[in-house]
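Chains, contacts and geometry: an overview
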Amino acid sequence: MSALEVRDPRLHDVVADEPLRRVATGFRFLEGPVWHPRERSLVFSDIPAARMSRLSAAGELSVFRDPSHMANGNAYDRQGRLLTCEHATSRLVRQEADGSVVTLADRYQGKELNSPNDVVVARDGTIYFTDPGYGRAAPYGVPRSRELPFCGVYRLGARGLELLTDDVEGPNGLCLSLDERHLFVADTERMHIRRFALTGSGVTGGEVWARTTGAGPGEPDGLKVDSAGNLFSCGPGGIHVFDPAGVALGVIRVPEVTANFTWGDDDLCSLYICASTTLHRFRTRVSGVRAF
């Protein structure tokens, strides 16, 4: 049975009309999938289990990092180093080539970050990440009070750590536009996606670009754009697909709450979907964007 809810016939130009394929199950709550194009493997997080796993191109599962400090979002930089958001430690970390892990950010103006959630890296190496409070409560974090009075979206680059905006109630998933002139941010609490224009000194704009509407559990979470500029977002009932102008094309229906996804396999046309206890695979007609 097809997994598609079609709202605009152009959806068929973007994704395949086929069932979801279950890859692996038995997890607690999956997040942060990233595809390594040279090693041909997928790394993803199980937040409550405080463990990260690796799926090989041959379909073999192995433990990648244990403990993971309740890791959530992951991204590769342009050198192929893995960046990870840790809920339990309130850190953004990077794994070096020798396997060691270094802290990139854990404080803003002397106060602990809330709980870095998702991260993306621009072509010039600039890092963007969200910092909601979800990792300071059970079951997706360690219960503790917050030191910062706001939830922020940050940039880490040549100017150090910069707060881009604190005007997002529940900053969660984020992604860059294809030309990297805009930053999209999912506001889970307000059920919409914001678009900010990036400038040398910060951001401007921040208008509501799209809303995820429809039946089923779920809210805006993981965000990514494909190689044609279509934006995919988690939302009610699965993964919502928007064209580059923000027009809703439809939904890839997923039977569990969907938190994040990424493109993988050699053609980058396999969408690997982290849906609560299960990792799914779904084919698209338009490829994703290579990490490095």
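Residues numbered from 1 in each chain as written. Predicted model: local features only at pLDDT ≥ 70, side-chain atom pairs only at ≥ 80, totals over all residues. Heavy atoms only, no water.

1. As for the overall build of the protein chain
Test applied: The secondary structure listing takes helices from DSSP runs of H or I that are at least 4 residues long and strands from runs of E that are at least 2 residues long, numbered from the N terminus. The globule rule used here is 2.2 Å times the number of residues to the 0.38 power, and the radius of gyration it is set against is calculated over C-alpha atoms. Any two residues whose heavy atoms approach within 4.5 Å at even a single point are treated as in contact. Here the Shrake-Rupley method, with its probe set to 1.4 Å, supplies the accessible areas, and only the displayed protein chains count as covering residues. The sign given to each residue is positive for Lys and Arg and negative for Asp and Glu; His and the chain ends receive no count. Charge positions are represented by NZ for Lys, CZ for Arg, CG for Asp and CD for Glu.
Each helix and strand in the protein chain was counted, giving 1 helix and 27 strands. Computed over C-alpha atoms, the radius of gyration of the protein chain comes to 17 Å, within 12% of the 19 Å expected from 2.2 N^0.38 for 292 residues, which places it in the range of a compact globule. Dimensions of the protein chain along its principal axes, counting C-alpha atoms only, are 50 × 40 × 35 Å. Contacts in the protein chain between residues far apart in sequence, at least 24 positions, make up 46% of those at least 6 positions apart. Within the structure as shown, the protein chain displays about 11500 Å² of accessible surface, and the carbon and sulfur contribution to it stands at 48%. A distance of 1 Å separates the average location of the 33 positive side-chain charges in the protein chain from that of its 37 negative side-chain charges.

2. Things to note about the side chain of Asp-118
To be explicit about the condition: Note on classification: 1.4 Å probe, protein chains only; a residue is buried when its accessible area is under 20% of the maximum for its type, exposed when over 50%, partly exposed between these limits. In the sections that follow, a salt bridge refers to a side-chain nitrogen of Lys or Arg positioned within 4 Å of a carboxyl oxygen of Asp or Glu. N or O atoms closer than or at 3.5 Å make up a polar contact, with two conditions inside protein: a donor-capable atom paired with an acceptor-capable one, and, for residues adjacent in sequence, both atoms drawn from side chains.
Along the chain, the position of Asp-118 falls in the loop between β12 (111-112) and β13 (119-121). There is no salt bridge for the buried Asp-118, and the closest opposite charge comes from Lys-224, which lies 5.3 Å off by N-O distance. Within the local environment of Asp-118, its side chain forms a polar contact with the side chain of Asn-260, the two groups lying 3.5 Å apart. Each residue touching Asp-118, except ones within four places of it in the same chain, is listed here: Gly-73, Asn-74, Cys-85, Tyr-128, Phe-129, Thr-130, Asn-172, Gly-173, Leu-174 and Asn-260.

3. Considerations on the packing of aromatic side chains
Inclusion rule: Aromatic rings from Phe, Tyr and Trp, with only the six-membered ring used for Trp, were paired whenever their centres fell within 6.5 Å, and each pair was classed as stacked if the ring planes differed by under 30 degrees, edge-to-face if by over 60, and tilted otherwise. Placement of a charge over a ring requires the Lys NZ or Arg CZ to be within 6 Å of the ring centre, with the centre-to-atom vector within 35 degrees of the ring normal.
Inspection of every chain in the model, using the stated rule, returns 12 aromatic pairs. Ring plane angle 50° and centroid distance 6.4 Å describe the contact between Phe-232 and Phe-261, whose orientation is recorded as tilted. Of this pair, Phe-232 sits in strand β22 (residues 231-235) while Phe-261 is found in strand β25 (residues 260-264), placing the two residues 29 residues apart along the sequence. Each member of the pair Phe-232 and Phe-261 is classed as buried. Aromatic rings pair up to connect Tyr-108, Phe-129, Phe-150 and Tyr-154 into one cluster. Geometry around Phe-261 places Lys-224 over its ring, the cationic atom sitting 5.2 Å from the centre.

4. Let's talk about the sheet that holds strand β26 (residues 270-275)
Condition: Should DSSP find at least two bridges between two strands, the strands are regarded as paired. Only the contacting stretch of a helix is used when fitting its axis, a line to C-alpha atoms as for every element, and angles between N-to-C directions run 0 to 180 degrees.
Pairing is antiparallel across the open sheet formed by 4 strands, whose spatial order is β2-β27-β26-β25. Of all strands in the sheet, those bounded by a partner on one side alone are β2 (21-25) and β25. Each strand axis lies, on average, 25° off the axis of its neighbour in the sheet, ignoring direction. Note that β26 and strand β27 (residues 278-283) share 6 bridges and pair antiparallel. When the bridges of β27 are listed, Ala-275 appears paired with Thr-278.

5. Considering the environment of Gly-73
On the secondary structure map, Gly-73 appears in strand β7 (residues 71-76). Separated by 181 residues in sequence, Gly-73 and Val-254 place their C-alpha atoms 20 Å apart.

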